[in-house]
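One-letter residues, chain by chain:
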Amino acid sequence: MTAWLVALPILVPFVTAILAFLAGGSITVKRWISVAGAAVLLAVGLLLIHQVYQHGILVGAMGDWPPPFGIALVVDFLSAIMVAITGITGLAVAVYALAEVDRAEEHVGFHPLFHLLLGGVCGAFTTGDMFNLYVWFEVMLISSFALLVLGSRKAQIDGAVKYVALNLVSTVLFLVAVGLLYGMTGTLNMADLHLTIPQVENQGLVTAVALMFIVAFGIKSALFPLFFWLPAAYHTPSVSVSAIFSALLTKVGVYALIRVFTLIFTQDVGYTHNLLLIIAGITMLTGVLGAAAQNEFRRILSFHIVSQIGYMIMGLALYTPLGVMGAVFYVVHHIIVKANLFLVSGVANRLTGSFELKKIGGLYKSQPFVAVLFLVPAFSLAGLPPLSGFWAKLVLVQAGLEIGSYLIVATALLVGLLTIYSMTKIWNEAFWKSHPDAIEPGTGAVALSRRDYILLTAPIAGMAALTVIIGLWTEPFILLATAAAEQLLNPDAYVNAVLGARP
Amino acid sequence: MEVVLSVVVGIMVTASIYLMLGRNLVKFLFGLILLSNAANLAIFTSGRLTWGSPPLIPEGALVPITDIANALPQALILTAIVISFGLLAFALVLAYCAYQELGTVDTDEMRIAEPETEFAKKASRAWRALSGPRDRAP
């Protein structure tokens, strides 16, 4: 029974993808299937959180092969939270895509690919096996490749070349690291690895493999200095694709880092986690400085993904209960806010005709509602109270102060200030100043039909409301993140759940 | 035997990195193909090599009687080969599309998604003047 339950986050998107593919020529049916599938995924995520709350960590042995021999799917609080948040963004983007993605792209297979991507992401969140994690990364990658070039505009091909090249290097590194890990320990089950890693004679070799994982996952999660594929590609596809990429792809890398560096490689924390801390600081700074130099709506946001990844890795690298809790909370907050900002950029493009900040303007005067919808996630990203970003940053700063890492705390605060600078730039250019071609946004050539307007703004409004809710009613979310962090830092419960209680 | 294979992996990785450092996209892809094969060989080697004892259980027995070769690394490699076949096929088609659409396989000249700013143009011109003429091999 549990095996079915933990397989649901993978089954639901795959079944949805197959149905959407089989729906053939009827776009209406495809759309309904897509939205319904995303809604079911969200329900599954919430159900999993509830089940973990009730019964503790859920383990399902696939094909009834007992771990560590077979592949086990393991859902703890972190996995369940990630699946739920995938459901939320999946649903929001699925609705948004109804009004945004080209009909031609829908015909070529946007909906099946979109759900395959969600399936790959959820698989990576739920698996308890290293090689299986590699396979889910590949599922996610191949569908993201296809989504990225859907429409085959020149800029997309150009961005995809860089995205594909660097990500393939990352998967090869990941594969080698998994192979070497197996050679050292003779197992690929994560819980079993937790037990066997301390018994490896040559601990230097373990650290070397750990560094290979940092590089492999670092490329995926866009850490300094491995992030260059991200701002090269994320602004080229349709906005729905950018939004789901920005929300999920890098966060799978972050999730993998959190999982691997709390469960498996904890034997040399002084070296690996300090290295992560330094990387986190530089990642924050380069990302935010890169954003300051950009003048295109989505490219600014892309660079901000990089800088925000730094915060999450900072939480992990501090490696205290508060730090890891902050990292988990930050991931949740960031996914909602960042996807939302990308969705807003799409609306701004539709209303004014361009993503280039120099060529647009006048949104505040003619579309005050859209302006509010931008301000909420933008302020949240920068960390202004009382929005979710404020609490996320507060927790991390407090965690840093607790163990006296003043330099990283100073960096985090400085980057927060510079984030406000970028958001102010977008505000001034797109919303405040008048349109350079004296076009009234949302009229004439850039008019939006009522249906499109509702479909585009409803998901944004929903996610903005969620940011405000997390900000004003923080307690339950903090408690959930704390529970997740406790499970991460006390892997014994995880190991016992997977391998059975040990004498 | 492990030593020989390790050295082979090392040579393959060296060659692939040399190829991947080129600006030519096709060279890069050849490097990547070589690298993924080196990865498979590395997994094979790290799973230990056992000579002439296939992982077979004799009739009537429930467990193998003697030491047998570990079949798991080969299963992993098989999965990895299938996956990398798909990914590399996609990458090759993408490279071909890039050549058709953008008219070049030089990654330095692919600047549509990230147009060069005036400052960057000046900087790269200055750099070129400093570093001497570059080869323009296709």
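Remember, predicted model here, so these are calculated numbers, not experimental data.

Caption draft 1: Inspection of the overall build of chain A at higher detail. Helices and strands together make up the secondary structure of chain A, namely 21 helices and 2 strands. Computed over its C-alpha atoms, the radius of gyration of chain A comes to 22 Å, within 12% of the 23 Å expected for a compact globule of 503 residues. Overall, the C-alpha framework of chain A stretches about 75 × 55 × 40 Å when taken along its three principal axes. A burial count over chain A gives 66% of its 503 residues as buried. Contacts in chain A between residues far apart in sequence, at least 24 positions, make up 82% of those at least 6 positions apart. Accessible surface for chain A amounts to roughly 16,600 Å². Of this, 69% is attributable to carbon and sulfur atoms. Taken together, the 22 basic and 22 acidic charged side chains of chain A have centroids lying 13 Å from each other.

Caption draft 2: Region of interest: the confidence of the model for chain B. In the predicted model, chain B carries a mean pLDDT of 85, and 95% of its residues have values of at least 70. Here the predicted complex scores 0.93 on pTM and 0.88 on ipTM.

Caption draft 3: Focus on the interface of chain B and chain A. Tallying the contact residues gives 33 residues for chain B and 34 residues for chain A. In this structure, the connection of chain B to chain A is made through 0 salt bridges. Joining chain B to chain A, the criterion identifies 5 residue pairs in polar contact (both at pLDDT 80 or more). Elements represented by at least two residues in the side of chain B that touches chain A include exactly helix H2 (25-46) and helix H3 (72-102) of chain B. No other element matches the 16 residues that H3(B) contributes to the side of chain B that touches chain A.

Caption draft 4: Quick look at empty space enclosed by the protein. Applying the stated rule across the entire model yields 4 cavities of 30 Å³ or more. Put simply, the largest cavity is a space of about 110 Å³. Lining the largest cavity are 13 residues, with A:Tyr134, A:Thr171, A:Val172, B:Ser36 and B:Ser84 positioned closest to its centre. The class makeup of the residues in the lining of the largest cavity is 8 nonpolar, 4 polar and 1 charged. Of the voids in this model, the second largest cavity is the one considered here, and its volume is about 60 Å³. As for the second largest cavity, its lining consists of A:Val161, A:Val164, A:Ala165, A:Leu168, B:Leu25, B:Phe28, B:Leu29, B:Leu32, B:Ala91, B:Leu94 and B:Ala95. Mapped onto the lining of the second largest cavity, the elements with two or more residues apiece are helix H7 (154-185) of chain A together with H2 and H3 of chain B. In terms of residue class, the lining of the second largest cavity is made up of 11 nonpolar, no polar and no charged.

Caption draft 5: Spotlight on the nonpolar core. Counting 223 residues, the largest nonpolar core has A:Met130, A:Tyr163, A:Phe174, A:Phe213, A:Phe265 and A:Phe374 as its most contacted members. In terms of residue count, the dominant contributor to this core is helix H14 (residues 321-352) of chain A (20 residues).

Caption draft 6: Just the packing of aromatic side chains, in detail. Residue and element names in this part refer to chain A. Throughout the structure, instances matching the rule amount to 28 aromatic pairs over all chains. Aromatic side chains Phe-174 and Phe-213 sit 5.8 Å apart centroid to centroid with 70° between the ring planes, which places their arrangement in the edge-to-face category. Residue Phe-174 is located in helix H7, and its partner Phe-213 is located in helix H9 (residues 203-220); the two are separated by 39 residues in the primary sequence. Looking at Phe-174, the relative accessible area reads 1%, which means it is buried. Residue Phe-213 is classed as buried on the basis of its relative accessible area of 0%. Ring centres of Phe-213 and Phe-217 lie 5.6 Å apart, and the angle between their planes is 35°; this geometry places the pair in the tilted category.

Caption draft 7: Structural context of the layout of surface pockets. Considering only enclosed or pocket space, the second largest pocket measures out at about 530 Å³ in volume. Along the walls of the second largest pocket sit 19 residues, with A:Pro68, A:Phe69, A:Gly70, A:Leu188 and B:Leu72 positioned nearest its centre. Among the elements of the structure, helix H6 (130-149) of chain A together with H3 of chain B are those that each provide at least two residues to the lining of the second largest pocket. Per-element accounting of the lining of the second largest pocket gives the leading share, 4 residues, to H3(B). Considering only residue class, the lining of the second largest pocket consists of 11 nonpolar, 6 polar and 2 charged.

Caption draft 8: Representation of the packing of helix H11 (residues 239-263) of chain A against H14(A) within the structure. All names here are of chain A. As a packed pair, H11 and H14 sit with axes 8 Å apart at the nearest point and diverge in direction by 165°. Our classification of the angle between H11 and H14 gives roughly antiparallel. As H11 packs across H14, the resulting crossing turns out to be right-handed. Residues Val-239, Ser-242, Ala-243, Ser-246, Ala-247, Leu-248, Lys-251, Val-254 and Ile-258 of H11 lie in contact with H14, whose contacting residues are Ala-327, Val-331, His-334, Ile-335, Lys-338, Ala-339, Phe-342, Leu-343, Ser-345 and Gly-346. Tallied by class, the residues present in the contact of H11 with H14 amount to 12 nonpolar, 5 polar and 2 charged.

Caption draft 9: Spotlight on the environment of A:Ala7. All names here are of chain A. Among the secondary structure elements, Ala-7 is positioned in helix H1 (residues 2-22). Given the relative accessible area of 11%, Ala-7 is considered buried. C-alpha separation for the pair Ala-7 and His-194, spaced 187 residues apart in sequence, amounts to 23 Å. The residues touching Ala-7, leaving out its near neighbours within four places in the chain, are Met-62 and Leu-73.

Caption draft 10: Broad picture of the pairing of strand S2 (residues 72-75) of chain A. Residue and element names in this part refer to chain A. What you see with S2 is no split at all: Ala-72 and Val-74 on one side and Leu-73 and Val-75 on the other are buried throughout. Judged from the 4 bridges that link them, strand S1 (residues 58-61) and S2 form a sheet pairing that is antiparallel. Counterpart to Leu-58 in the pairing with S2 is Val-75.

Caption draft 11: Focus on the pattern of salt bridges. Residues and elements named next belong to chain A. Tallying each qualifying case throughout the model produces 8 salt bridges over all chains. Between Arg-31 and Glu-106 there is a salt bridge, with the nearest N and O atoms lying 2.8 Å from each other. Of the two residues, Arg-31 is situated in helix H2 (residues 27-55) and Glu-106 in helix H4 (residues 103-108); the sequence distance between them amounts to 75 residues. You can call Arg-31 buried: its relative accessible area is 16%. Residue Glu-106 is classed as buried on the basis of its relative accessible area of 0%. For Glu-429, the salt bridge is made with Lys-433, and the minimal N-O distance between the two is 2.8 Å. Accessibility expressed as a relative area gives 24% for Lys-433, which makes it partly exposed. Each of Arg-350, Arg-451 and Asp-452 takes part in one network of salt bridges that share partners.

Caption draft 12: Local environment of helix H16 (residues 368-382) of chain A. Taking 1.5 Å of rise per residue, the 15 residues of H16(A) would be expected to cover 21 Å, and the 21 Å separating its terminal C-alpha atoms lies within 8% of that figure. When we look at burial in H16(A), the residues that qualify are A:Val370, A:Ala371, A:Leu373, A:Phe374, A:Val376, A:Pro377, A:Ala378, A:Ser380, A:Leu381 and A:Ala382.

Caption draft 13: Structural context of the confidence of the model for chain A. Looking at chain A as a whole, the pLDDT averages 90, with 99% of positions reaching at least 70. Considering each helix and strand of chain A separately, the mean pLDDT is smallest for H4(A), with a value of 82, and largest for helix H5 (residues 110-126) of chain A, with 94.

Caption draft 14: The side chain of B:Ser36, seen in detail. On the secondary structure map, B:Ser36 appears in helix H2. Among the polar contacts made by the side chain of B:Ser36, one reaches the main-chain carbonyl oxygen of B:Ile33 at a distance of 3.0 Å.

Scoring rules and cut-offs
Residues numbered from 1 in each chain as written. Chains lettered and ligands numbered in written order. Predicted model: local features only at pLDDT ≥ 70, side-chain atom pairs only at ≥ 80, totals over all residues. Heavy atoms only, no water. Helix = DSSP H or I, 4+ residues; strand = E, 2+ residues; numbered from the N terminus. Rg over C-alpha atoms; globule rule 2.2 N^0.38 Å. Buried < 20%, exposed > 50% of the residue type's maximum accessible area, 1.4 Å probe, protein only. Contact = heavy atoms within 4.5 Å. Areas by Shrake-Rupley, 256 points an atom, 1.4 Å probe, with all protein chains shown as cover. Lys, Arg positive; Asp, Glu negative; His and termini not counted. Charge placed at Lys NZ, Arg CZ, Asp CG, Glu CD. pLDDT = per-residue confidence, 0-100. Salt bridge = Lys/Arg side-chain N within 4 Å of Asp/Glu carboxyl O. Polar contact = N/O pair within 3.5 Å; in protein donor to acceptor, adjacent residues only side chain to side chain. 1 Å grid on protein atoms, 1.4 Å probe; cavity = no way out; pocket = protein on both sides within 12 Å on 5 of 7 lines; lining within 4 Å. Points joined across faces, edges and corners; volume = space filled by probe spheres on them. Nonpolar A, V, L, I, M, F, W, Y, C, P; charged D, E, K, R; others polar. Core = buried A, V, L, I, M, F, W, Y, C linked by side-chain atoms within 4.5 Å. Phe/Tyr/Trp six-rings, centres within 6.5 Å; stacked < 30°, edge-to-face > 60°. Axes fitted to C-alpha atoms, helices over the stretch in contact; angles between N-to-C directions. Parallel < 35°, antiparallel > 145°, perpendicular 65-115°, else oblique. Left-handed = near helix turned anticlockwise from the far one by under 90°. Pairing = 2+ DSSP bridges. Expected span 1.5 Å × (residues − 1).

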